[in-house]
Amino acid sequence: MFKSLQLKDISLVVILLLTTVGISYFYANTEARNRLWQSIYPVRAQLALQHVSCSESSPSWMIDILIEKTKYQNAPANQIAYIDPQGQLYHCESGYVDGLPLLSDPISADTRFRYASVTKLWTADAILDLIKEERLTLEMPLAELLPEIDQPKDARVNDITIKQLLMHQGGFNRLDIQGNDMFGIGEPVCPNSIETMNNIKLSFTPGAQTSYSNLGYCLLGAVVEQVSGQPYQDYLQAHYDIDAVDIQFISSKRLDDEISYNYTETGLTGISDIYTAFNYEDLYSVAGLSGNAVALAQQSKAMSAKRQPNILSVDADMDCDISKLGACYGYAMMPYQDDIQSATVHFRDGTLLGLSSLVAIDEAGGVVALLSNGTPTDIEHSNDTIKTMIYEHLSKN
């Protein structure tokens, strides 16, 4: 019987055995399976670009940004919205709702993305509104507003002001050994244990330097609650009517109309489920909002149109190099001006596991909102690449 076997029969058996072994290996080895999924991203990206749709007369540069995000920045699904200085809205979308291109529904202008740290725009704007209502001031000490801070061991805590928190100068450094970034690093402080502020040691004297701080913005959220007498979520609904534009607070599960995020654990973070990785309910004033790019652009536009101080305001004593992306912080956004003759564009971006967000606003009133279900991994195609592309177009307004 064995003599009657032909070479093609033996080859078929070998192929079947190898296939079975391969399938078994990748089924049992999650890390290997995830690495394989990452390795075929160029194919997935090309398939994702089979769905690109735009509203009528949308500028071609919007599609260029979607292509950059999809091909080179690990984001197979994206939304971009642009409101020009005359108030005309344009929007484009690319990719599919779930992880497999062509096999799931294409995304639409209504598909939900998490806003990540772009949420801080609402927190800053709420604080600035309370200042304009003369219910607090930029120079007011945090300790005068939050009664839980009564006997800090580090006396410098008493010197932290509202302005310093807005500009990430409150004395918190999330990268040092005593840092706190609210994403699993450091002892829980805000929003449920603000009295712990009495025990922390600041990394630097408030106002002496700048260091990006999630904790600072959580404390600002607590200030909004204390001064307004409302929970932060209720304040946003009352003052921004977020329900009307389907902006929602996130929780530790995927919402029904939410995009699937392009995140795979490869042994570097130890995080397998992005929805339970952090206590998102506690991050409401830091990274708690979700919605679509059109709603994000419209709300950002409304905030930027308010009287000063607003989200575009910068401090008169700001000491930084505005010609470097991300080097300067205003009261809510990061101003950038390529050179002294060029226009200024203000940026606010954010990232979470498997997603990125960005708002850009120019001085003429043009607004861009970009939401993506991935984060860049190539230094030559970074978030700054996108900011530069957007700046090129907005600076012409």
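The following refers to the structure shown. Just so it is clear, the structure is predicted and the values come from calculations on it, not from any experiment. (Residues numbered from 1 in each chain as written. Predicted model: local features only at pLDDT ≥ 70, side-chain atom pairs only at ≥ 80, totals over all residues. Heavy atoms only, no water.)

### Points about the pairing of strand β9 (residues 355–362)
Counted residue by residue, β9 has eight buried out of eight residues, so it is predominantly covered. Of the two faces of β9, the one holding L355, S357, V359 and I361 and the one holding S356, L358, A360 and D362 are both buried throughout. Counting the residues in the hairpin turn of strand β8 (residues 344–352) and β9 gives two residues, including G354, whose phi is positive at 80°. Across six bridges, β9 lies against strand β10 (residues 367–372) in antiparallel orientation. The residue bridging V359 from the neighbouring strand is A369, located in β10. Connecting β9 to the antiparallel partner β10 that follows it, the hairpin turn spans four residues, and G365 within it adopts a positive phi of roughly 105°. (Buried < 20%, exposed > 50% of the residue type's maximum accessible area, 1.4 Å probe, protein only. Helix = DSSP H or I, 4+ residues; strand = E, 2+ residues; numbered from the N terminus. Pairing = 2+ DSSP bridges.)

### Details of the state of the cysteines
Applying the stated rule across the entire model yields three disulfides. Between the sulfur of C190 and that of C218 lies a disulfide, 2.2 Å long from S to S. Here the disulfide of C190 and C218 is left-handed, its torsion about the S-S bond being about -90°. A residue pair is termed long-range when its members are at least 10 positions apart, and C190 in the loop between α6 (162–166) and α7 (214–228) and C218 in helix α7 qualify at 28 residues. With relative accessibility at 8%, the residue C190 sits in the buried group. The disulfide bridge from C320 ends at C328, spanning 2.0 Å between sulfur atoms. Between C320 and C328 the sulfur-sulfur dihedral comes to about 125°; the bridge is accordingly right-handed. Cysteine pairing in the chain follows 1-2, 3-4, 5-6, where each cysteine in a disulfide is numbered by its order in the sequence. (Disulfide = S-S within 2.5 Å.)

### Notes on the packing of α7 against helix α8 (residues 232–240)
At a minimum axis distance of 9 Å, the contact between α7 and α8 shows a crossing angle of 75°. As the angle between them shows, α7 and α8 are arranged roughly perpendicular. On α8, the residues touching G221, V224, E225 and S228 of α7 are Y232, Q233 and Y235. Here the contact of α7 with α8 is built from residues that sort into three nonpolar, three polar and one charged. (Axes fitted to C-alpha atoms, helices over the stretch in contact; angles between N-to-C directions. Parallel < 35°, antiparallel > 145°, perpendicular 65-115°, else oblique. Contact = heavy atoms within 4.5 Å. Nonpolar A, V, L, I, M, F, W, Y, C, P; charged D, E, K, R; others polar.)

### With respect to unusual backbone geometry
Backbone torsion omega between C190 and P191 reads 10°, so that peptide bond is classified as cis. Looking at the element boundaries, P191 is found in the loop between α6 and α7. Of the consecutive residues Q308 and P309, the connecting peptide bond is found in the cis state with omega at -5°. As for its position among the elements, P309 is in the loop between α10 (293–304) and β7 (334–337). One non-glycine residue, D241, lies in the positive phi region at around 50°. Among the structural elements, D241 can be located in the loop between α8 and β5 (248–249).

### A word on the sheet that holds β10
Pairing in this open sheet of seven strands is antiparallel, and the strands run β1-β3-β2-β10-β9-β8-β7 from one edge to the other. Each edge of the open sheet carries a strand with a single partner, namely β1 (52–54) and β7. On average, adjacent strands in this sheet sit at an angle of 15° to one another, irrespective of strand direction.

### Some words on the nonpolar core
The biggest cluster of nonpolar side chains holds 84 residues, and the ones touching the most others in it are W122, L166, M197 and L219. With nine residues, the single largest contributor to this core is α7. Core analysis: the second largest hydrophobic core is formed by 19 residues, M62, I65, L358 and L370 among them. (Core = buried A, V, L, I, M, F, W, Y, C linked by side-chain atoms within 4.5 Å.)

### A look at the pairing of strand β2 (residues 78–83)
Burial of β2 is extensive: six of the six residues sit out of reach of the surface. On β2, burial covers both faces: N78, I80 and Y82 on one face and Q79, A81 and I83 on the other are all buried. In the sheet, β2 pairs with strand β3 (residues 89–94) via six bridges, with the strands oriented antiparallel. Across the sheet, residue Y82 finds its bridge partner in β3, namely Y90. The hairpin formed by β2 and β3 contains five residues between the paired strands, and G87 there has a positive phi angle of roughly 95°. Where β2 meets β10, six bridges bridge the pair, whose relative direction is antiparallel. What sits directly across from Y82, in β10, is V368.

### Points about a nonpolar patch on the surface
A cluster of nonpolar side chains, I40, V43, L47, L100, L102 and L103, forms an exposed patch at the surface whose accessible area comes to about 550 Å². Locating L103 in the fold gives a position in the loop between β3 and β4 (113–114). According to the relative accessible area criterion, L103 is exposed, its value standing at 70%. (Patch = residues over 30% accessible without salt bridge, like charges linked within 9 Å, V, L, I, M, F, W, Y side chains within 5 Å. Areas by Shrake-Rupley, 256 points an atom, 1.4 Å probe, with all protein chains shown as cover. Salt bridge = Lys/Arg side-chain N within 4 Å of Asp/Glu carboxyl O.)

### What about empty space enclosed by the protein?
Scanning the model with the defined rule gives two cavities of 30 Å³ or more in all. The space that makes up the largest cavity amounts to roughly 70 Å³. Around the largest cavity sit K69, D349, S356, S357, L358, L370, L371, S372, N383 and I386, which together line it. When contributions to the lining of the largest cavity are tallied by element, the ones reaching two or more residues are β9, β10 and α11 (383–394). In terms of residue class, the lining of the largest cavity is made up of four nonpolar, four polar and two charged. Reported here for the second largest cavity is a volume of approximately 30 Å³. Every residue lining the second largest cavity is listed: R114, Y261, I274, Y280, L352, L353 and L355. Split into classes, the residues belonging to the lining of the second largest cavity amount to six nonpolar, no polar and one charged. (1 Å grid on protein atoms, 1.4 Å probe; cavity = no way out; pocket = protein on both sides within 12 Å on 5 of 7 lines; lining within 4 Å. Points joined across faces, edges and corners; volume = space filled by probe spheres on them.)

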